[in-house]
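Structure assessment
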Amino acid sequence: MKKLLIGLYFLTMAFTSLGNHTKGGWLYYEYLGNGAASNTARYRITLKIYTECFLSANQWCPNVNISIFNGGSNSLVDVQSIYYSDSMNVQNCTSQECHPCINPIPNICYKIGTFTFIRELPITPDGYIISYQRCCRIANIINMVPGSSSVGDTWTVSIPGTNGPDPTAYTNSSAKFSQNDTAIICKDNFFTFDFSAIDNDGDSLSYAFTDAYYSSQGNNTGQCGSQSSNPPFSFISYTFPYSGKEPMGSNVKINPVTGIVSGIAPQEEGTYVVTCTITEYKRGTSIIRSSVQKSLHITVADCALTQALLDPEYFSCESFTRSFVNKAPGGNIQTYFWDFGVPGSSSDTSSSPNPTFTYPDTGTYVLKLVVNRYLPCPDSMLSVVKVYPVFAPAFNVQGQCKNTPIQFTDVSTTTYGTVDSWSWNFGDATAPDNISKDRNPSHIFATGAEYQVSCIVSNSKGCKDTLNRIILITDRPALEVTNDTLICVIDTLQLKATGFGTVVWKPNYNIDDLGAFSPSVSPDVPTRYFVTLTDPYGCAGTDSVFVDVKSSVSVRAGPDTTICGGDAVRLNLVSDALYFAWTESLTGTSLDLPATKSPMATPLSTTTYTVSASIGKCLATDAITLKAVPYPLADAGVDTIICSGNSLQLTATGGSNYNWTPATFLTNRSIPNPIANNPSFNITYTVLVRDTLGCPKAVLDSVRVTVATIVADAGPRDTSIVSEQPLQLVATGSSNYFWTPPMGLTNVHVFNPIASPQSDVTYIVKVSNNSGCFAYDSIHVRVFSILAGFHVPSAFSPNMDGRNDYFKPIAIGMKSVDQFRVFNRWGQLMYSNVDLEVGWDGRFKGNEQAPGTYVFYAEGTDFRNMKIKKRGYVVLLR
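Residues numbered from 1 in each chain as written. Predicted model: local features only at pLDDT ≥ 70, side-chain atom pairs only at ≥ 80, totals over all residues. Heavy atoms only, no water.

To continue, consider unusual backbone geometry. For the peptide bond that leads from P231 to P232, omega is 0 degrees, which places it in the cis range. That bond from P389 to V390 is cis: its omega, 5 degrees, falls within 30 degrees of zero. With respect to the helices and strands, V390 occurs in the loop between β26 (379-387) and β27 (391-392). Non-glycine residue N865 carries a positive phi angle of around 65 degrees. Since its relative accessible area comes to 52%, N865 is described here as exposed. (Helix = DSSP H or I, 4+ residues; strand = E, 2+ residues; numbered from the N terminus. Buried < 20%, exposed > 50% of the residue type's maximum accessible area, 1.4 Å probe, protein only.)

As C-alpha cells, this is what we get:
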C-alpha cells in the first residue's frame, strides 16, 4: 500500500483576554556548560506556546512568568519573567493540487510563540523542576470532562541533580521534539503523526501517551499567567472511554521506539487533548536521565481520505464464505477492485465496495484491494485470508458455590488443526489466580455474586474467538423442594427435591427412602421434613417442606345473599382443602373457574352453588344461594322542547328514591316530579333511581330540556319602491312564518313572499316553531309614484358638518347600479364606485378639489331589466 503521511489538524490556538486561550505547548532545556560561579551550570530554557494565527494587540502575551522549583522539596526557587524571542505563523496549502486525495481540505493555521532565556543554576543533588502555567483551555474538548476546559494548562520539564545512579545527569540536555505539527486528521480514517524527537546527547528515547496536566489558574490571574503552583501537578479528568494513555481511543497507538502515532481516528469530529512524554535513558543503560512532555490540542476534521485499508489477517473459521470491506471507505473513491487470491482462477475478483466471496477449499490466500484503479488517487493493500472452517469454541461449567472448586471444561471443536490455546479470565479481579492458560482450569470464588467469565480460544490454524458467559456463584447449591402442603391422615404424599448432587432427608418418620429425590411420606401428625443437598464439589445446602396433617376438611361457603341481577360476585370460600369442585343449581355457566377455591359468579336469576372440598381422601361440602334481583328500571322521561320563559314538570319512574342533578332551576331535586322553573338555557338533567326490592345499586337516566328562543327578523325596518315594482321580502328566525296583511303578497305562509303594494304599507310576520314558540317583527314599505331611475342632488358641501358631505345618487326602483362616475371640467375621472352607500367626498387622491361644477354619469338596470342612464352636473361648494 502506498504510504500516506496523514498529519494532524490542530485547532487554532488563542491567547485571548477573555474566554479560553491555550491550545498546546512544551518546555525543554539545553546544557551550555559550567557557570561563572563555582559549582553552577548554565542552561538555555525554551518554552513554545501554540496560539491562533491572528491575534489582536491586547490578546498577545509579550512576556511570560516561568517558575523554577527545587526538585526535592518542590519549594519555589525563583520566577523568571521572559519576553518572547520569536513567533512564527504556519499556514497549510488548501488547494486540491497539494492534497488531491483528501476531501474536503481543512484550513489549518497556527502560531508558535517562542520564549527563551539562559539561567545559571547551582548544581544540587535534587535538581530543578521548571514550570509554566496559565489560563485557559479552549471549550468543548471531546475527551475532557465538560466544564474542565475553563481551567488552565501546565507545561513542565525536569533538570536532574547529582543524586541517583548517574551523578553527571545535570549535564544532560533534554530531548527536543521535531517541529512536525502541520497536518490533517480525518475522522474514522487511518492516519499517522510524528511525535519524534532528537537528543544531542545520544540518549535512548522512549515515547508514551500520558495524562495532561491541570492548572487551577483562572481568569483572575490574567491571561498570561503568574507564578506556577508548587509541584506535584494535578492531571485533567477524561471522559469515558478516553484516558491519558488512550487520548483518541483504543484504535490509536504510539510507537514507543519511534514516536509515530498511528491508527483509526475517532468517529466524532472535534478537539482532543493529546500528551506525549519522552523518557531519556543513558545510552546502553536503564538509567533514566530526564523526561520532556509535549501537550497539544488536536482536531479531528470532517474530511475523508482516498485509501485502501485492510486488516493484516482475516480468518474464515465458521464457513468457506467471507465478507470484506474497505476500512477507509471515505474520500474520493470511485472504483473498487478485489482479488481474492485463488490460484489459477479468473472469477475470484469483485468490483463491489463490500464483496462476499466463497473460497473453494481450505488454505491461506493473498487478498488484494485496489481503489481508483487506473484513476487519480489510486491506492492498494495486501492481506492474508486463512480459510479453515469449522471452528466452534465452547466450554462447560460445573459447580456453583463459593469457597468450592468451580470446574471449567473446554469442549471446543475444530475441523482443521487442533485447539491449542486458551486464555481464561474468571472475572474475579481481586483473586491472584484470576487468569489461567490451562485447557480445563478450576477456580475458587470467595464471594457469592455474578461473574463474567471469558475465554479466548484459538487453534493451530490461527482461528480465534472469545466466549463470554455470566455465571452465578451462590452461598449454597441450587435446591428446589415441594411447597408446604397438607394431606389427609389416611393419605400418602410424594415429596420432590431438585438439584445436582446427593440428598439426605430427615427426620426418619414415615418416609420410605431418606436418600431419594422423590420419597413418599405418610405422617399421622404435622411434620417438617428437611432435605440436605451436597454437590460433587462439597457444597451443601438445606431446605424443608412442612406437611400438615388433617383428619377432616373444613369448608364454609358463607351466608346466602342478595345481589343485583347480572352482577359478578366473588364466592369467598373459607376452607383448608387443597382441591375444589363447584356446581350450580341451574343449567348454565355463571361460574368463571369452578375448580378454584373462590370463583366469580354472575347469576341472572336466583342460583344455589355447591362446593366439594377435598384433601386427598378427606371430603366436605357446603352451599350458598345468591338471590338475583333486577336493577331499578329508571326512566327520566323523553327529551322535551319548551319556549323561552316557560317552565316544565319533569317526571321520573322506576324506583322509590330519586335524586336529580344538577339542581339548577329545579324546585326540589329529591322527588320524582320536580318543576324546572323557567330555564334560560338548554340543560340535561340526570336522575339517580334506587328501590327497596333488594338490589342495592342505583341506576341513572337523563332527559334533555331544550329552551327554544325565537328571534324574528323581517329584514330592514324601512324600504322604498316605485309603483309596480315587486319587492322580495325575507324573514328569518325559525321554521314557520305568517305575514299580515295579505294584500299584495304572493304567499303569506313562506319566509320569502314577493310583495307588490300599491301604497305605503307595514307588513308584520309571525315566526314560530313546531313547539308553539313564536315572535313578531315588521317592515315598512314606502311606494313612490315616480319612474324608476337615479335621483341626483345638484350640489353638495364636503365640509364634514354632517349635512350634504357626500355626493351620491338615490337609486329608486333599480335592481343594480353598474356605473357611477364623477369628472372635472377637463374630463379627468375624479371618482368611481357602484356602492351608493359611500359617495364622493370631494377629494382626489387624498387632496381636496376646488369648488366648481363637475360632471357625473350614472348607469344601472331597473326592476324591469331596462337600462337606465343619466348624465348631469353637480356643484361642489366650500
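The next thing to look at is the state of the cysteines. Scanning the model with the defined rule gives seven disulfides in all. A sulfur-sulfur separation of 1.8 Å characterises the disulfide bridge that pairs C317 with C463. Disulfide C317-C463: torsion about the S-S bond near -95 degrees, hence left-handed. Highlighted residues: C317 in the loop between β20 (313-316) and β21 (321-323) and C463 in the loop between β34 (449-459) and β35 (464-473), separated in sequence by 146 residues. Covalent S-S linkage joins C401 and C539, the inter-sulfur distance amounting to 1.7 Å. In this structure the cystine formed by C401 and C539 twists about its S-S bond by roughly -75 degrees; its chirality is therefore left-handed. Placement of C401 in the loop between β28 (395-398) and β29 (405-410) and of C539 in the loop between β42 (527-534) and β43 (540-550) is noted, with a sequence separation of 138 residues between them. Just as C401 is buried, C539 falls in that class too. Its sulfur unpaired, C455 is 15 Å from the next cysteine sulfur, which belongs to C463. (Disulfide = S-S within 2.5 Å.)

Attention shifts here to the packing of aromatic side chains. In this description, an aromatic ring pair is defined by two values, namely the gap between the centres and the angle between the planes. Applying the stated criterion across every chain, the model contains 35 aromatic pairs. Geometrically, the ring pair formed by Y31 and Y170 is edge-to-face, given 6.3 Å between the ring centres and 85 degrees between the ring planes. On the criterion of sequence distance, the pair formed by Y31 in strand β2 (residues 24-34) and Y170 in the loop between β10 (153-159) and β11 (176-177) is long-range, its members being 139 residues apart. Pairing Y213 with F233 gives two aromatic rings, centres 5.8 Å apart and planes at 75 degrees, and the pair type is edge-to-face. Taken together, the residues Y213 in the loop between β14 (204-209) and β15 (252-254) and F233 in the loop between β14 and β15 connect sequence positions 20 residues apart. The exposure class assigned to Y213 is buried, which follows from its relative accessible area of 19%. By relative accessible area, which is 11% here, F233 ends up buried. Here the aromatic cluster, defined as three or more aromatic residues joined through ring pairs, consists of Y314, F324, W338, F340, F357, Y359 and Y365. (Phe/Tyr/Trp six-rings, centres within 6.5 Å; stacked < 30°, edge-to-face > 60°.)

Before going further, it helps to spend a moment on the confidence of the model for the protein chain. On average, the protein chain scores 90 in pLDDT, and the residues at 70 or more come to 95%. Contacts of residues 1-20 to residues separated by more than four positions or lying in other chains number 99 contacts, the stretch itself having pLDDT below 50. (pLDDT = per-residue confidence, 0-100. Contact = heavy atoms within 4.5 Å.)

Right, let's talk about the sheet that holds strand β37 (residues 485-488) for a bit. Spatially, four strands are ordered β37-β43-β42-β40 in an open sheet, and the strand pairing comes out mixed. Two strands close off the open sheet at either side, each with one partner strand: β37 and β40 (502-506). Strand-to-strand twist in this sheet, taken as the mean axis angle between neighbours without regard to direction, amounts to 25 degrees. Pairing geometry for β40 and β42, over five bridges, is antiparallel. Looking at the pairing, V504 lines up with T532 of β42. (Pairing = 2+ DSSP bridges. Axes fitted to C-alpha atoms, helices over the stretch in contact; angles between N-to-C directions.)

Now for the side chain of Q400. Mapped onto the elements of the fold, Q400 is located in the loop between β28 and β29. Only 2.8 Å separates the side chain of Q400 from the backbone nitrogen of A478, close enough to count as a polar contact. Beyond its immediate sequence surroundings of up to four residues, Q400 is in contact with I406, L472, I473, T474, P477, A478, F500 and D535. (Polar contact = N/O pair within 3.5 Å; in protein donor to acceptor, adjacent residues only side chain to side chain.)

A few words now on the pairing of strand β51 (residues 618-629). As judged from the four bridges shared by strand β45 (residues 561-564) and β51, these two strands associate in the parallel manner. For T562, the partnering residue across the bridge sits in β51 and is K627. Of the strand pairs in this sheet, strand β50 (residues 607-615) and β51 are connected by nine bridges, and their pairing is antiparallel. From the neighbouring strand, S614 faces β51, where its bridge partner is L619.

Right, let's get into the pattern of salt bridges. Under the definition given, this model contains 21 salt bridges. With a shortest N-O distance of 3.6 Å, K282 and D166 are connected by a salt bridge. Of this pair, K282 sits in the loop between β17 (270-281) and β18 (288-300) while D166 is found in the loop between β10 and β11, placing the two residues 116 residues apart along the sequence. Classification of D166 by relative accessible area gives buried; the value is 6%. Between D166 and R289 there is a salt bridge, with the nearest N and O atoms lying 3.2 Å from each other. Placement of D166 in the loop between β10 and β11 and of R289 in strand β18 is noted, with a sequence separation of 123 residues between them. Taken together, the shared-partner salt bridges connect D166, D203, K282 and R289 into one network. (Salt bridge = Lys/Arg side-chain N within 4 Å of Asp/Glu carboxyl O.)

It is worth spelling out a nonpolar patch on the surface at this point. Together, I764, F774 and Y776 make up an exposed nonpolar region whose accessible area comes to about 320 Å². Residue position: I764 is located in strand β62 (residues 761-768). (Patch = residues over 30% accessible without salt bridge, like charges linked within 9 Å, V, L, I, M, F, W, Y side chains within 5 Å. Areas by Shrake-Rupley, 256 points an atom, 1.4 Å probe, with all protein chains shown as cover.)

Another point: the nonpolar core. Grouped together as the largest cluster of nonpolar side chains are 61 residues, with contacts concentrated most on L47, I130 and F195. Element by element, the count of residues in this core is highest for strand β3 (residues 40-51), at six residues. Apart from the residues lying within four places of it in its own chain, the contact partners of I130 are L27, I45, I66, S67, I68, W155, T156, V157 and I159. Core analysis: the next-biggest nonpolar cluster, separate from the first, contains 23 residues, C643, A708, A731 and W739 among them. (Core = buried A, V, L, I, M, F, W, Y, C linked by side-chain atoms within 4.5 Å.)

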